[in-house]
Every structure is written in C-alpha cells, then in structure tokens.
Amino acid sequence: MCGIVGYAGGKSAAGELFEGLKKLEYRGYDSAGISTLGGGSIFTIKKSGRVEGLAPRMGELEGCVGIGHTRWATHGEANDVNAHPHIYGSFSIVHNGIIENYAELKAELSAEGHVFFSHTDSEVIAHLLDYYYKGNFAEALSLACSRLKGCWAIAALCKQFQGFTVTRHGSPAILGEGEDGFFVASDMYALMGRARSYCILADGDIALVTPRGISIYDGQLQPVARNFSPLEWEEEEVGTGGCPHYMLKEIRQNARTVRATCRAFASSGCGGQCSRLKEADKIVLVGCGTAYNAALAAVRLLGGAYECPVSAHIASEARYDPPRVTQKSVCIAVSQSGETADTIMAAKILKDGGAYLIAVTNVGYSAITRFADKVVPVCAGAEVCVAATKSYIGQLACFHMLAAPCAPRVRCGALMKIADDIERVVSDGVYAANIASLCVKSRAVFFLGRGADVDVAVEGSLKLKEVSYIFSDGYPAGELKHGTLALIDESVLSVVLICDESLCEKSKTAVEQILSRKGKVAVITTLPHIYAELSARVSAAWLLPCAPSHLAHFLSATALQLIAYHAAVMAGRDPDKPRNLAKSVTVE
Ligand code: AGP
C-alpha cells in the first residue's frame, strides 16, 4: 500500500517523480506529494486526492534529486497535512508501512521540544532523523530505524546531502539504474521504461543514492555488494493498451495469462511439486480476497486429485488460528502481489510449523518468494487495476496444473483450448453490458451457483461490489431458501451460474424460487439446453461456450469480471481505483 519513488540524476527530478507516482497510483491514491532538493534547500508540494492534483504546483520544485509518495491512509485522515513527504528540520521523508510504536516515540520527542504537525505514524521518522543526525545521514537513518517497531520502506532527503537514502524492513524497495539517473520505487512497475537494471534492497540495508551512483551498506553500515539484474519488460505491460481502463485491458489478457502460465509451469519444473502433494498428509491453502477465492477453487481441484485433506483458509484468520500442520504437510500461499501482510504472516507460521511452502504468485521478486520453498509462477504480467482479474484466472491455471500429476500434457492441452474459449467470452461484451445494466438498476445483486459455480459466484460478487459499489453477495444456490429469499423482490437481481450438468436441475429450482417471488434473474450457463429452457423467462441470459464443468470457471469468471467492469463504468465509477482500496495490502 502506498507508493514510493525517488530519483537522483541528470534530469529535473520533478518530472521523473511525477511520472513515477502516476504509475504507482494504484498502490494508494488518497493523497500525493513530492520533495526535491536543489541548492541546499528542500522544496515540497503535497495534496489530498490524486497525483494529477500536484500538476499545477510542479513549477515550485527545483533540483535533480527528490522523493515522492502516493498514500493509502492508515493513521490520520487523507488530507493535505497528513500527505507525505513529512518535513522536520533538514529532513524530508516518505514512508510505506506502519510504525507501531509511533505514539510513544512522539511523546518522547515532544518532551524534547519537537513539534508535530500531522496525525500520521510516519512523521516521527523525520523527527528521529533530526534527533540522531550528527553529520552522517546513513548513521542517523540507521539509529532512527533502530527505534522503530512495525514495517517500513523509507526514502529520505537531507539538506546537507546531495542525494537520498533508502532503507526497508518488511515493505518493498527496489533500486534502479537508468541512463539518466538512479531510482528507488516500491514497485517494479514504476521502473519499467526508465531503469535498465534493478536490485531488490534487502531488509536492514541502507542505500545512498546520488546523481553519481548507488552505494549500499548493511545493518552495521559496512559497504556490501548487491547484484543488479537486467530489468526486462514488455512494452504492452505499461499503459492501458488502447482500452479505456486497465481493468478491461487486463480481462482481455485472461486467455494469454492461461497460456503463459501453463508454459511456465512446464518450463520451471513445477511438475515436481505434484509428487510433493501426493505424499502430503494435508494441503492447506491461505490467501486473502480474490486469492482466497481462487484457493476455494483449488480445494475442489486438488481435493479431486490427491487423497489427503485439502482446505482453504482466509489468511487474516489463519495467522491467529492456524490449521495444524506437520513436516509432511504442504502449505500453498496464494497472492497476486506476494506482498499481502496477512498472507505472508500466515504462510510463515505454517512454514515454521513444519509445512513445505509453495507460493502461487504473479510477482517473481516479491516478499513471499524469498521464503517459499517453491514458487509456482502466475504469468499474468503487471496487474495495475486494483481489482484482480487476470491474476485470478492465472491462479486457476496453476491449480489445474498442480492437480494433474499423471497427465500434465493433457491438462495443458485442455487449458490451451479453454484459453480460446475465454477469448470468445471476452468478445461477447454485449451480453456483459446487458447484465451490467440490470445490476446498476438493482438495489442488490446476488450471485448463486452450485458446486464449482459457488466459488465463481463468490468471486463475481467481490468483483461487482469493489468496482461498482453495488451491494452484492455470492453463495450456494441451495442456501437461498434458508434466509436470503427474504430479501428477494423486484428490485433485486440474482445472477445464477449453471455450468455443471450434474447439478443443473437443482440450480433451476433456485431460478424458479426467485421468479415466483418476482425477483429478477440473469442466467449464465455453458449448457445449451438450460439456455433454451430459461432464456425467454428471465431478464437476461448468456450462453457461454460449452466446457467441461471443472474448466467452466475460466469462462464464467471472465463473464462476471466483464459484468463488474461494465457496471462500474455505467455507475460512473473508476473501475481501476475503487474508493478506499489499494492494490497489495502490505499492512495488517
Ligand atoms: C481483489 O480484487 C482485491 N482487490 C483483493 O481482494 C486482493 O485479491 C487481496 O487483497 C489479495 O491480494 P494479493 O493477491 O496480492 O495477496
């Protein structure tokens, strides 16, 4: 959460930082700010709202060195004062993470005469730098950090130092070397197109970044050599690719994500993990939000392939009430970003309990990959929209491959075929728009299904509520009569998924129960006979390409993602940056 950028080089820092912040805005967008250093002075602008709000004051920023921040508020409301950078004495700082002991540090420094301006936990870092600075910036940063509890990535300016410092503890910080200067960013995406090589800063390291280069020191302030790797990226990863929003661009990449994920599974030797799963006494999956919803699908897929019990756990619960594991257990941590604090904590607890840890993640350099025993890559490319779409589809592809111990090639072939069908669903945008228009006219939207359709219903509901702000819920169709039926009337839409031949008669019963209470129904099905029977009786019906029931979720999930996208646009929302949310929840 929150985004950090820093630049030191031959160009004006303001423009570089502004561009970097725009790329990082999906990490948090409550407020934004920039400090630059020129002629021994620090120039700062900051404002609540989006990065664009800084544009009118960019002319105030001088110098070729600077730091910037885009915020997702944790402590203190999203206003101009609480926006980063925070300034005190000769220092300006930006911070990602949470300083848990800020209140006691604030009290201690206040007693020393320090005056605080904001309600943030972060401001205390600028005060600690001022308190400990005796002419050595790195030393002051090291001493300041020795007083902190919590997690952080910090970039800081000092009037007496022609450059900036960076350190981290639990929050990501990536250094970059470019043609015209040196960078730091909390996310690789901000470095694409600007840095030629990158280095993930290690926890406790301190980097001094100047227009002449980067020096890195360890926790004892001894110089250390860290490797820089070439930064490879594809042109199409940056920007919306001609689409009005990232969300649409990313849904359109669902099919290629399935193809790329299958190929990577084979080429990175992930097939060996199947033997590990075969021998496991239990398989436990942990994740949050959409990643947890993908784990629900994994329970069905892996449960059908292996004999041991398989269970999915919400990471924020599992970390306080972890399932029992042994040396023979396998934990699969599912996380698009690989940085979600709750997932990391739960995975660490299960690994410490003896479990072998597999990380299913889209970000190969993320925190989770550094302590996982094996990484199964999701090859979705950069996912910028806050709502996860293609990464969910990629996670499903990973689980299909992990669930095929005997015939991986056959499974891969089936997934290549389903990728073609996903493309057909994406091209059927008119059906999605039609159902979306029913959603925006409804007081609430329920997503129902049976069997594997339930997992997709739950994810479809999350997608709709997060981007359109329409109230929705997803649950098993059989549960309707046990309570939710009380909410059904003509102002409520129920989207019923029917993609499993063996359960379709039961799902039809739910449709009848809703229609007889005058509720509106939209049916999404892969079964032509269901479409033929129901399409004339319901408000909308969408026939997806025929698919075996265990693969249908690729198609129905894509359909629900498109519906959520269109509903958000029709409701006048920004689907890429839903209010109050941010991509990658790195705080607890
Ligand atoms: C999904 O649309 C969400 N924005 C959110 O639920 C997300 O899936 C969750 O925060 C987990 O993130 P991760 O996959 O990066 O760990």
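How each quantity is defined
Residues numbered from 1 in each chain as written. Predicted model: local features only at pLDDT ≥ 70, side-chain atom pairs only at ≥ 80, totals over all residues. Heavy atoms only, no water. UniProt positions renumbered as here; feature names shortened; annotations may be inferred. Helix = DSSP H or I, 4+ residues; strand = E, 2+ residues; numbered from the N terminus. Pairing = 2+ DSSP bridges. Axes fitted to C-alpha atoms, helices over the stretch in contact; angles between N-to-C directions. Contact = heavy atoms within 4.5 Å. Domains from an automatic or database assignment. Phe/Tyr/Trp six-rings, centres within 6.5 Å; stacked < 30°, edge-to-face > 60°. Buried < 20%, exposed > 50% of the residue type's maximum accessible area, 1.4 Å probe, protein only. Lys NZ or Arg CZ within 6 Å of the ring centre and 35° of its normal.

- An unreviewed UniProt entry lists the protein chain under the name Glutamine--fructose-6-phosphate aminotransferase [isomerizing], with Candidatus Coproplasma avicola as the source organism.
- Quoted verbatim from the Catalytic activity (unreviewed entry) field of the UniProt record, the comment on the protein chain reads "D-fructose 6-phosphate + L-glutamine = D-glucosamine 6-phosphate + L-glutamate".

### Quick notes on the UniProt feature "domain: SIS" (unreviewed entry) in the protein chain
1) Next: The residues that UniProt annotates with the feature "domain: SIS" (unreviewed entry) are residues 273-412 and 435-578.
2) Next: Along residues 435-578 one finds 42% helix and 19% strand; the C-alpha atoms at either end are 21 Å apart.

### Some points on the sheet that holds strand β18 (residues 356-361)
1) Next: Read across the open sheet, the five strands follow the order β16-β15-β17-β18-β19; overall the sheet is parallel. Each edge of the sheet is formed by a strand with only one pairing partner; in this case those strands are β16 (310-314) and β19 (374-377). The sheet shows a mean angle of 20° between the axes of neighbouring strands, taken without regard to direction.
2) Next: Relative to β18, strand β17 (residues 330-335) is paired through six bridges, and the arrangement is parallel. Of the residues in β18, the one forming a bridge with Val330 is Tyr356.
3) Next: Strands β15 (283-287), β17 and β18 of the sheet are contacted by helix α10 (residues 341-352), whose axis makes an angle of about 155° with β15.

### Description of the domain arrangement of the protein chain
1) Next: When cut into domains, the protein chain gives domain 1 (3-233), domain 2 (240-423) and domain 3 (428-575).
2) Next: Computed over C-alpha atoms only, the centres of domain 1 and domain 3 are separated by 45 Å.

### Topic: the UniProt feature "domain: Glutamine amidotransferase type-2" (unreviewed entry) in the protein chain
1) Next: Feature annotation in UniProt places "domain: Glutamine amidotransferase type-2" (unreviewed entry) on residues 2-212, given in this structure's numbering.
2) Next: Along residues 2-212 the backbone is 20% helical and 38% strand, and the end-to-end C-alpha distance reaches 28 Å.

### Some thoughts on unusual backbone geometry
Among all residues save glycine, negative phi is the norm, and among peptide bonds the norm is trans.
1) Next: Going from His84 to Pro85, the amide bond is cis rather than trans, its omega being 0°.
2) Next: Here Pro85 is to be found in the loop between β4 (65-71) and β5 (86-88).
3) Next: For Leu221, which is not a glycine, the phi torsion comes out positive at approximately 65°.
4) Next: Within the secondary structure, Leu221 is located in the loop between β13 (213-217) and β14 (229-230).
5) Next: Not every positive phi belongs to a glycine, and Asn580 is a case in point at roughly 65°.
6) Next: Inspection of the secondary structure assignment puts Asn580 in the segment after α18 (552-570).

### Description of the packing of aromatic side chains
Two numbers describe a pair of aromatic rings. These are the distance of the centres and the angle of the planes.
1) Next: Under the definition given, this model contains nine aromatic pairs.
2) Next: Taking 5.6 Å as the distance between ring centres and 65° as the angle between the ring planes, the aromatic pair formed by Phe137 and Phe161 counts as edge-to-face. Taken as a pair, Phe137 in helix α4 (residues 137-146) and Phe161 in strand β8 (residues 161-169) lie far apart in primary sequence, 24 residues in all.
3) Next: Looking at Phe137, the relative accessible area reads 4%, which means it is buried.
4) Next: Ring geometry for Tyr431 against Trp542: centres 5.8 Å apart, planes inclined by 15°, an arrangement best described as stacked. Here Tyr431, found in helix α14 (residues 429-440), pairs with Trp542, found in strand β24 (residues 540-543); they are 111 residues apart in sequence, far enough to count as distant.
5) Next: For Tyr431, a relative accessible area of 31% puts it in the partly exposed group.
6) Next: Among the aromatic residues, those joined into a cluster by ring pairs are Phe91, Tyr133, Phe137 and Phe161.
7) Next: Above the plane of the ring of Phe371 lies Lys348, whose end atom (NZ or CZ) is 5.1 Å from the centre.

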